[in-house]
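What the coordinates show
Each chain, letter by letter, is given below.
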Amino acid sequence: MARIFITGSTDGLGLMAAQLLLRQGHTVALHARNNPRARDAHAALPDNAGVAVGDLSSIARTRDVATQVNDLGTFDAVIHNAGVGYYGRGRVETEDGLSDVFAVNVLAPYLLTTLITPPRRVVYLSSGMHHSGEATLRDPQWATRPWQGSQAYSESKFHVTALMLAVARRWPEVLSNAVDPGWVPTKMGGSGATDDLRPAPVTQAWLAVGNDAAALVTGRYFHHQQPRPPHPATQSPEVQDQLLKYCADLTGVELPTAVSAD
């Protein structure tokens with residue numbers, strides 16, 4: 001049985017993936033943005049292996065989450081599920097002066113990937129909307145551009161898909177993949193979402209623990225356990241390295257060029 005850590009696992013797809021993995025007999029550690037949500041997580045899944053607490057929109061608190069995770073021990077897989085959407089709101093600036101869409105959807109997975117003891121597998125939550133993202137890091141914080149929520153979200157998912165591919169390229173001993181769960185009616189997806197919620201958490205759980213050949217791959221983008229072609233520009237080492245440098249400059253932490261998974 002495997003040990004898995006899942007970010008953003010107090011509700012939505014993160015909680016559903018945790019429930020699925022626990023039913024399969026695996027050990028799951030959770031993440032909550034704050035203490036009230038951590039209490040909710042304990043109530044929903046009392047058999048958890050611990051709850052790391054911290055707001056992933058903050059660089060300092062994301063660092064602390066990584067420390068808490070490492071204190072819980074090593075993990076076989078990490079699912080970077082936490083994310084924020086864009087419906088019905090404008091640009092939200094974090095305490096670090098960043099767009100919260102970029103901070104939570106891109107920078108937090110980057111920082112956690114860099115600081116958590118490398119697992120055997122990492123899974124990143126992407127979206128079909130990443131195909132509308134831009135390859136250039138042109139004002140990624142929307143500091144000068146007029147805010148367009150859907151485009152900001154698309155770009156964040158483009159970037160996290162490029163991050164997944166960069167990790168796959170740099171860390172060949174770690175299976176690194178991304179998942180498009182579809183447009184599903186979670187709190188972030190909204191009530192108007194048209195896709196079926198039931199299969200939405202299956203692929204990330206499968207990539208975290210599956211032992212069939214289809215799951216034992218790296219550098220792939222999946223929808224409902226089927227590989228799909230990602231945006232071609234995400235596969236460019238130059239685009240990936242520009243993103244890694246940008247994230248390293250923001251956080252002061254560089255992604256190692258190679259690791260050995262436990």
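So, how was this worked out
Every chain begins its residue count from 1, and numbering advances along the sequence as written. Whole-chain, interface and lining totals are the exception, using all residues; otherwise, since this is a predicted model, local features are given only for residues with pLDDT of at least 70 and side-chain atom pairs are given and counted only at 80 or more. The basis for every side-chain value is the complete set of heavy atoms in the structure, and neither hydrogens nor water enter the calculation. Comment: elements are numbered from the N terminus, with helices defined as DSSP H or I runs of at least four residues and strands as E runs of at least two. The globule rule used here is 2.2 Å times the number of residues to the 0.38 power, and the radius of gyration it is set against is calculated over C-alpha atoms. The classification of residues rests on relative accessible area computed with a 1.4 Å probe and restricted to protein chains. Under 20% of the type maximum is buried, over 50% is exposed, and intermediate values are partly exposed. By definition in these notes, contact holds between two residues if any of their heavy atoms fall within 4.5 Å. Charge counting follows a simple rule: Lys and Arg are positive, Asp and Glu are negative, and His as well as the terminal groups are ignored. Note on charges: their place is set at NZ of Lys, CZ of Arg, CG of Asp or CD of Glu. Ring pairs are drawn from Phe, Tyr and Trp, using the six-membered ring of Trp, whenever the two centres fall within 6.5 Å, and their geometry is named by plane angle: stacked under 30 degrees, edge-to-face over 60, tilted for the rest. Note on criteria: charge over ring means Lys NZ or Arg CZ within 6 Å of the ring centre, with the direction from the centre no more than 35 degrees off the ring normal. Where helices are involved, their axes are fitted lines through C-alpha atoms of the stretch in contact, as for all axes, and angles between N-to-C directions lie from 0 to 180°. Here a crossing is taken to be left-handed if its near helix is turned anticlockwise relative to the far helix by less than a right angle, and right-handed if that turn runs clockwise. Residues are grouped as follows: Ala, Val, Leu, Ile, Met, Phe, Trp, Tyr, Cys and Pro are nonpolar; Asp, Glu, Lys and Arg are charged; every other residue, Gly included, is polar.

Of the regular secondary structure elements, the protein holds seven helices and eight strands. Here the protein has a C-alpha radius of gyration of 17 Å; the compact-globule value for 262 residues is 18 Å, and the two agree. Overall, the protein is about 50 × 35 × 35 Å in size when its C-alpha atoms are taken along their principal axes. Buried positions account for 55% of the 262 residues belonging to the protein. Counting contacts in the protein only where the partners sit at least 6 residues apart, residues at least 24 apart contribute 71% of the total. Separation between the mean location of the 21 positive side-chain charges and that of the 24 negative ones in the protein comes to 3 Å.

This part covers the packing of aromatic side chains. One pass over the structure, following the stated rule, counts five aromatic pairs. Ring centres of Phe-102 and Tyr-246 lie 5.7 Å apart, and the angle between their planes is 75°; on these two criteria the pair is classed as edge-to-face. Of this pair, Phe-102 sits in helix 4 (residues 100–115) while Tyr-246 sits in helix 7 (residues 237–251), and the two are 144 residues apart along the sequence. A relative accessible area of 22% means that Tyr-246 is categorised as partly exposed. Above the plane of the ring of Phe-75 lies Arg-3, whose end atom (NZ or CZ) is 4.4 Å from the centre. One cation-aromatic arrangement involves Arg-145 over Trp-142; the distance from NZ or CZ to the ring centre is 3.6 Å.

Bringing the packing of helix 3 (residues 59–71) against helix 4 into the picture now. Taken N-terminus to C-terminus, the directions of helix 3 and helix 4 make an angle of 40°; their axes are 9 Å apart at the nearest point. In the crossing of helix 3 with helix 4, the sense of the turn from one axis to the other is right-handed. Contact residues: Ile-59, Thr-62, Arg-63, Val-65, Ala-66 and Asn-70 in helix 3; Leu-107, Ala-108, Leu-111, Leu-112 and Leu-115 in helix 4. Across the contact of helix 3 with helix 4, the residue classes break down as eight nonpolar, two polar and one charged.

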